[in-house]
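# Residue-level structure breakdown
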Amino acid sequence: MGTIDRNRRAATPRGVLLTAATTTLAASAVLLCAPAGATATQVGVDPGISFGSATNYGTGCTYMVNGYVDDPTTPVVFYDNGIPFAWARPSGRIAEVRWTPRTQGPHRLQVVQHSGPGEDVFPYVDVHVGQGVNAGSGCNVFGG
């Protein structure tokens, strides 16, 4: 049995290495640029340290809304009851925006990452918003 000298480089023609590297980079570029059909997969809203007896979401208080997507480059649009209120570029597989509800009652938060005609998926989360009193780091919510 022989030993392998891991410090010694195999003699490979320079052109072969350059071609292999170029092919790998080209394949990576195609994967990143290919219209794979961007899709929003999930949406969530974090109540933070807001609290109330009927709901944890209050008017005038700000919450983080997270849109989970499968394309880390295509912009994401956020909707509140069908009306766009923000857009963001994802950081990896998540896009985040701040949401401050202005009205009490039911709110359907949706997120979309446009892919192509007729292919968009609109995941949603339904939340109920009460009257909020901003308490600095959190929100006191009354009613619901």
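Okay, so let's go over this structure.

So, how was this worked out
Counting from 1, residues in each chain are numbered in the order their sequence is written. In view of the model being predicted, local features appear only for residues whose pLDDT reaches at least 70, and side-chain atom pairs are presented and counted only at 80 or more, with totals across whole chains, interfaces and linings using the full set of residues. Hydrogens and water are ignored here; the side-chain numbers use all heavy atoms of the structure. Strand pairing is assigned whenever DSSP identifies at least 2 bridges connecting the two strands. Each helix is a run of H or I in the DSSP string that is no shorter than four residues. Each strand is a run of E no shorter than two, and both are numbered from the N terminus. All axes here are fitted lines through C-alpha atoms, helices being fitted over the stretch that makes contact, and every angle between N-to-C directions spans 0 to 180 degrees. To qualify as a nonpolar core, a set must consist of buried Ala, Val, Leu, Ile, Met, Phe, Trp, Tyr and Cys residues joined through side-chain atoms within 4.5 Å. For every residue, the accessible area obtained with a 1.4 Å probe (protein chains only) is divided by the maximum for its type, and the residue is called buried under 20%, exposed over 50%, and partly exposed between those limits. Contact definition: two residues touch when any of their heavy atoms are within 4.5 Å.

Let us look at the sheet that holds strand β4 (residues 63-69). Across the sheet, three strands lie side by side as β1-β4-β7; this open sheet has antiparallel pairing. Lying at the two open borders of the sheet, with one neighbouring strand each, are β1 (40-46) and β7 (94-99). Going across the sheet, the axis of each strand differs from the next one's by a mean of 20°, ignoring polarity. Pairing between β4 and β7: six bridges, direction antiparallel. Of the residues in β7, the one forming a bridge with Y63 is W99.

With that out of the way, let us pick up the nonpolar core. V45, Y63, V65, F78, W99 and V127 are the most contacted members of the largest nonpolar core, which totals 20 residues. Dropping the residues within four chain positions of it, W99 is found in contact with V45, C61, T62, Y63, V65, D80, F85, H107, L109, V127 and V129.

A few words now on the pairing of strand β6 (residues 83-88). The pairing of strand β5 (residues 76-80) with β6 spans five bridges and is classified as antiparallel. Residue pairing in the sheet places V76 in a bridge with A88 of β6. Following β5, the chain reverses through two residues before pairing antiparallel with β6; N81 in that reversal takes a positive phi of roughly 50°.

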